[in-house]
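# Structural overview
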Number of protein chains: 2
Amino acid sequence: MLATAEKTKAAQSLATAASAMAQNEVHLRDLMADEARCMKMIVEVDGMTLDFSRQRIPAEVLPHLLDLWSEVDGAGKIQAMKSGMPINSTEDRSVLHHALRAARESVYRDKDGVNTVELVWGVLDKIKAFSEKVRNGEWVGATGKALTDVVAIGIGGSYLGPEFIYEALRTDKTARESAGGRRLRFLANVDPIDVTRATEGLDPETTLVVVVSKTFTTAETMLNARTMREWISKKLGSDSVAKHMVAVSTNTEKVVEFGIGQENIFGFWNWVGGRYSVCSAVGVVPLALQYGFEVVADFLSGARAMDDHFFSAPAEANLPVLMGLVGVWNASYLGFPTRALLPYCQALLKLAPHIQQVDMESNGKRVKVDGSELQSDAGPVNFGEPGTNGQHSFYQLMHQGRVVPADFIGFKESQQPVELEGEVVANHDELMSNFFAQPDALAFGKTAEECRAQGIPENLVPHKVFTGNRPSSSLLITKLDAFQLGRILSLFEHRTAVEGFVWGINSFDQWGVELGKVLATQVRSQLSKSRKEGASVSGFNYSTTKMMQSYLA
Amino acid sequence: MLATAEKTKAAQSLATAASAMAQNEVHLRDLMADEARCMKMIVEVDGMTLDFSRQRIPAEVLPHLLDLWSEVDGAGKIQAMKSGMPINSTEDRSVLHHALRAARESVYRDKDGVNTVELVWGVLDKIKAFSEKVRNGEWVGATGKALTDVVAIGIGGSYLGPEFIYEALRTDKTARESAGGRRLRFLANVDPIDVTRATEGLDPETTLVVVVSKTFTTAETMLNARTMREWISKKLGSDSVAKHMVAVSTNTEKVVEFGIGQENIFGFWNWVGGRYSVCSAVGVVPLALQYGFEVVADFLSGARAMDDHFFSAPAEANLPVLMGLVGVWNASYLGFPTRALLPYCQALLKLAPHIQQVDMESNGKRVKVDGSELQSDAGPVNFGEPGTNGQHSFYQLMHQGRVVPADFIGFKESQQPVELEGEVVANHDELMSNFFAQPDALAFGKTAEECRAQGIPENLVPHKVFTGNRPSSSLLITKLDAFQLGRILSLFEHRTAVEGFVWGINSFDQWGVELGKVLATQVRSQLSKSRKEGASVSGFNYSTTKMMQSYLA
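The text that follows walks through the structure, step by step, so that each part is easy to find. (Residues numbered from 1 in each chain as written. Chains lettered and ligands numbered in written order. Predicted model: local features only at pLDDT ≥ 70, side-chain atom pairs only at ≥ 80, totals over all residues. Heavy atoms only, no water.)

## Re helix α16 (residues 351–363) of chain B
Keep this limit in mind: Here a strand is any run of E in DSSP of at least two residues, a helix any run of H or I of at least four, and the numbering for each starts at the N terminus. A helix is expected to reach a length of 1.5 Å times the quantity of its residues less one. Three exposure classes are used, based on accessible area relative to the maximum for each residue type with a 1.4 Å probe and protein chains only: buried under 20%, partly exposed in between, and exposed over 50%.
With 13 residues, α16(B) should cover 18 Å at 1.5 Å per step; its first-to-last C-alpha distance of 18 Å lies within 8% of that length. The buried count for α16(B) comes to 13 of 13 residues, which makes it a mostly enclosed element.

## Some points on the interface of chain B and chain A
How big an interface is tends to be stated in terms of the accessible area lost upon association of its parts. Stated formally: Here, residues are in contact when the closest pair of their heavy atoms is within 4.5 Å. Each of two parts loses accessible area, computed with a 1.4 Å probe, when they are put together; buried area is these two losses added. Salt-bridge detection follows one rule: a side-chain nitrogen of Lys or Arg within 4 Å of a carboxyl oxygen of Asp or Glu. The term polar contact refers here to a pair of N or O atoms within 3.5 Å; inside protein, the definition further demands a hydrogen-donor-capable atom paired with an acceptor-capable atom, and it admits residues adjacent in sequence only when both atoms are side-chain atoms. Classification convention: Asp, Glu, Lys, Arg as charged; Ala, Val, Leu, Ile, Met, Phe, Trp, Tyr, Cys, Pro as nonpolar; all other residues, Gly among them, as polar.
With 140 residues of chain B in contact, the opposing surface of chain A contributes 140 residues. Overall, the association of chain B and chain A removes approximately 12600 Å² of surface from exposure, summing both partners, and the carbon and sulfur fraction of that is 60%. Where chain B packs against chain A, one counts 14 salt bridges. Here R226(B) and E423(A) are joined by a salt bridge, their closest N and O atoms 2.4 Å apart. In this assembly, chain B and chain A are joined by 66 residue pairs in polar contact (both at pLDDT 80 or more). When residues of the side of chain B that touches chain A are assigned to their parent elements, the largest contribution, 14 residues, is made by helix α18 (residues 427–444) of chain B. Residues belonging to the side of chain B that touches chain A are distributed by class as follows: 60 nonpolar, 47 polar and 33 charged.

## Quick word on the nonpolar core
Counted only if it meets this: The criterion is simple. A nonpolar core is a set of buried Ala, Val, Leu, Ile, Met, Phe, Trp, Tyr and Cys residues joined through side-chain atoms within 4.5 Å.
In terms of nonpolar packing, the biggest core is built from 128 residues, with W69(B), W329(B) and L348(B) touching the most fellow members. Not counting residues up to four positions away in its chain, the partners in contact with W69(B) are G74(B), A75(B), I78(B), A315(B), V321(B), L325(B), V498(B), F501(B) and V502(B). Counting residues in each nonpolar core, the second largest holds 125 residues, with A11(A), F310(A), L325(A) and L334(A) among its members.

## Considering helix α9 (residues 192–199) of chain A
Each α-helix turn comprises 3.6 residues. Residues three or four places apart therefore point the same way. Counting buried positions over the 8 residues of α9(A) gives 8, a clear majority of the element. Those residues of α9(A) that sit buried are P192(A), I193(A), D194(A), V195(A), T196(A), R197(A), A198(A) and T199(A). Residues of α9(A) that are buried in the fold lie against β3 (149–153), β4 (183–187) and α10 (219–236) of chain A together with α7 (160–170), α8 (173–179) and α18 of chain B. In this structure D191(A) caps α9(A), since a side-chain oxygen of it lies 2.9 Å from the backbone nitrogen of I193(A). G201(A) sits one or two residues past α9(A) and shows a positive phi near 80 degrees.

## Examining empty space enclosed by the protein
All names here are of chain B. As a reminder, the rule being used: Every definition here rests on a 1 Å grid over the protein atoms only: cavities are sets of points where a 1.4 Å probe fits but cannot get out, pockets are open sets enclosed by protein on both sides within 12 Å along at least five of seven lines, and lining residues have some atom within 4 Å of a point. Grid points are joined across faces, edges and corners, and a volume is the space filled by probe spheres set on the points.
The final tally for this structure, using the stated rule, is 10 cavities of 30 Å³ or more. In this structure, the largest cavity spans a volume of roughly 140 Å³. Lining of the largest cavity is provided by 17 residues; of these, V326, G327, N330, R339 and D407 occupy positions nearest its centre. Among the elements that make up the lining of the largest cavity, the one with the highest residue count is helix α15 (residues 319–333) (5 residues). Among the residues forming the lining of the largest cavity, the class breakdown is 9 nonpolar, 5 polar and 3 charged. Here the second largest cavity defines a volume of roughly 110 Å³.

## Notes on the sheet that holds strand β7 (residues 265–266) of chain B
Residues and elements named next belong to chain B. For clarity, the cut-off: DSSP bridges decide pairing: two strands pair if at least two such bridges lie between them. Every axis in this analysis is a line fitted to C-alpha atoms, fitted for helices over the stretch in contact. Angles between the N-to-C directions lie between 0 and 180 degrees.
With parallel pairing, 5 strands are arranged side by side in an open sheet as β4-β3-β5-β6-β7. What marks the edges here is a single partner per strand, and that holds for β4 (183–187) and β7. Inspection of the sheet shows strand β5 (residues 207–212) paired to strand β6 (residues 245–248) by 4 bridges, in the parallel sense. The partner of V209 across the bridge, within β6, is M245. Relative to the sheet, helix α9 (residues 192–199) contacts β3 (149–153) and β4, its axis offset from that of β4 by approximately 180 degrees.

## Details of the pairing of strand β8 (residues 338–343) of chain B
All names here are of chain B. Extensive coverage of β8 is indicated by the burial of 6 of its 6 residues. Of the two faces of β8, the one holding T338, A340 and L342 and the one holding R339, L341 and P343 are both buried throughout. Two strands pair when backbone bridges link them, and β8 and strand β9 (residues 381–383) are joined in this way by 3 bridges, in the parallel orientation. Within β9, the position partnered with R339 by the bridge is N382.

## Some details on the relation of the copies chain B and chain A
We count it as follows: In superposing the copies, a least-squares fit is computed on C-alpha atoms, taking residues whose pLDDT is at least 70 in both.
Expressed as a screw operation, the relation of chain B to chain A combines 0.0 Å of axial shift with a rotation of 180 degrees, fitting to an RMSD of 0.0 Å. The superposition operator between the copies reduces to a two-fold rotation axis. A share of 100% of interface residues in chain B that are also interface residues in chain A marks the association as one of identical surfaces.

## Focus: the pattern of salt bridges
Considering all chains together, one arrives at 64 salt bridges over all chains under this definition. The salt bridge partner of R183(A) is D149(A), with a shortest N-O separation of 3.1 Å. Of this pair, R183(A) sits in strand β4 while D149(A) sits in strand β3, and the two are 34 residues apart along the sequence. Judged by relative accessible area, R183(A) falls into the partly exposed class, the value being 34%. In this structure, D407(B) and R495(B) form a salt bridge, with 2.9 Å as the shortest nitrogen-oxygen distance. Placement of D407(B) in strand β10 (residues 406–411) and of R495(B) in helix α21 (residues 482–503) is noted, with a sequence separation of 88 residues between them. Classification of D407(B) as buried rests on a relative accessible area of 10%. In this structure R495(B) comes out as buried when scored by relative accessible area, which is 2%. Overlapping salt bridges, with partners in common, bring together E167(A), R170(A), R176(A), R197(B) and E200(B) in one network.

## Section: the sheet that holds strand β9 (residues 381–383) of chain A
Residues and elements named next belong to chain A. Strand order in this open sheet of 6 strands is β1-β2-β11-β10-β8-β9, and the pairing throughout is mixed. What marks the edges here is a single partner per strand, and that holds for β1 (42–45) and β9. Geometrically, the sheet is characterised by an average inter-axis angle of 15 degrees between neighbouring strands, direction not taken into account. Strand direction decides the pairing type here: β1 and strand β2 (residues 48–51), joined by 4 bridges, are antiparallel. In the sheet register, E44 faces β2, and the bridge partner there is T49.

Written out as structure tokens, the structure is:
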């Protein structure tokens, strides 16, 4: 049960409701028959409709969830974030990714009173000018050729968000036209194989490399940056580096030391967490180079629209709040350890990996803000693939194995509609037939009686029964363009924040990534000594010693 | 606890051990200190080393797991599969994917006594001849040009396996050289966006389309096949289809009706399940076109080597059996609902999506072979991304949130080694430093005392504590080439089978995918009537009606 609010009235009501449901086996077949209930659980905001009526939330439980939100002072916590309070308390930082997409004239102050929006637009203006120069051929490479291709080096938050947006816009007609054959590649993994993959078919003469690292010390990114510097220098000489490499970083000294011109650094700030950084220079530099600044500006506007909705709508009509409360109900009250993200749109193929990071790095925690231990697990395991692909993969388990709460996303219009003569429906309608069918299949299932009525042989009946009662939400959105994409990003970012607020955890730090780095340093040092001086493996446990010996043999 | 064997002695011992562990909080720090135990849990087979000493399996429990395997007659079940008994009982089919990679002279008979290996080699010989003709330019397109590019249309098992192998070999030096600039694309999703993505930069004149569908009725694949037929016909005329399209299917009639020549059908058989079909024509046709038949033959040999090991090694030295028993222990006794697959190799970026399908579609079941209900959940949710990328994403949760048993994979040599002058280690060693460090970070963690000893301020200590005791296995393999890739595929296929054998489920059917298809038909029909005749939405529940009305508006 919920740890943060275990003594509140709403939390008690929810716990009682959850155990009553478990005992009475309340089925979604019954809940879905209550039209008044369903009506309340379909919420439309500016052409984006959330249907969460297939969540296992009885009509009388929804108000308790909203009460819980009040009891944890959800509105106050949103306000604290909006206004720059240092809610990332373990790092004493403001959390202001909404400032990254604010209108030029707005004001969001950080904890020291600085208007961050001014800083943001300073960098955006610089990116606009820079990206236009590169795109129109004013900025050229060492041999005078235009730079038509970009390799963006970064990992985690400096990679997953930008890649998600890049893929989502590849088939958007406006963005595609604006890209005009330019290429954008990402280099994330320190595995040298990834260098081969990222540079395949590229020529240093026409390639610009963007190195993205807040501290300019991230081990993977910096080794890849040095590898790409060598790739450029080898062909064009070391003097060419300044013309072929730029940086997104806050560490001017290290960037300059690396050989990148000070004027070619695009900054961001400590109130931007890596996984919330796609709207900063981290994403805007590579995306503006690829699609032009105007497309990226539309994307930022979309994110801003959702921020404004999140900051102002009442809880019962607030999409991120509702989705967050559903998430808390599923993870903490009904005890579901996973959730699936299922966009019925191939352009969103990298949405799930990005949100997997946003959510699991934010809410995969064991203690509350005050350091006390959570009494139950917080954030779930997030995974997903685009539909319909997933239907031919892991949906078997979702229908007849474990219960996995799911979020379906579909669009009214396709980015690339196809309609063949003689077909029953257009291709996009075929796709969407599945989008509408799957949530009902999960919710309603198929009983043994229904199987028998169809004449299924008795020995096969148990294998063909679907228990149903598997919860999901559906989001129906007009069309996947840059603006709607911004809304989707912001929606999922804020859902995670809402859940963290209810659990009382800090969704903006990530201390759990540190220990592995420390141990890797010890291994690296051993490998170096063993390779260079033949030193034997020492200081590790039995198993690690054996495996490293085998590796070095 | 384990349902299938709940009354056996070993199952009782395991249940007792699991609850004792939970009570005494046996920690991996203690288990890892027992060198004799660790020694038994590191098993090497032909240059592939499995270290499962970081599983939460006390020394005295391992024999009980092996006893459980005996009690469910695991060896007998393997033998039944090997010898073609119809162990896919709900479909009355043999399960013989090992025959797909058998040596020409071996004999594997199906349930009707037919030697399947003869059939397999008949098709392999045909693929070899065909792929050579296409690759050497003897087979040309309608305008006389060589076909240098291939689009393989298929979904689920007809897509994930081939894509996994394609990506894994892209940076293998032999395969890469043999590809010589040829291109292979996959078209899976029925979303028309995927057509745009798959055909980007391709010309029908130089493109061969391979349509992969066992029944030639898969909705997504057939609509995509018709869409690609139109793409070809529009430019080259409808007569050109026979020169630009071939099929992998068992339904000759439908293929010919579609317009593909009968001689251009590559067959497979009902004893090949979709998710186990990458070694059949499903994978071999596109992969032989891309990399040449010899490379694919090496891949098949590797799979065969692991099959032979699986069929002959004693349980305590049998890699798939050991990994399967670990899986059952984690899912059924320790109750972990998920598991992560973490290859430290960017070329394996599609391993996790493929194994996600293999495992979740096989073991995401609710009933046993005999139709009785399982008393607990069976197969877990599988997910994963390559390391080190995952470290900057969901590892936060794995270290400080929920417990996620993990499988790490690393290689002694890189496909694409890079060593820069002046670096502490080569890039591959940098990657592998993380491979060796993460399992220990998960297992050992970091105590509050250790934090305090480092001078971490008291208020931050709880945030920087790692509880550890998080289980994982590590696989260290020589090098990722076609042969080792085959071994890896077969290892994970058989792990899933082992788990299914212990649970007593049928890992080879997939009835859970049917209901969604039926409901999609109903939606498709409604969308067609609404679009073409303006029919109003009827016959759906309130929520679906509202959402479909919004979609159609």
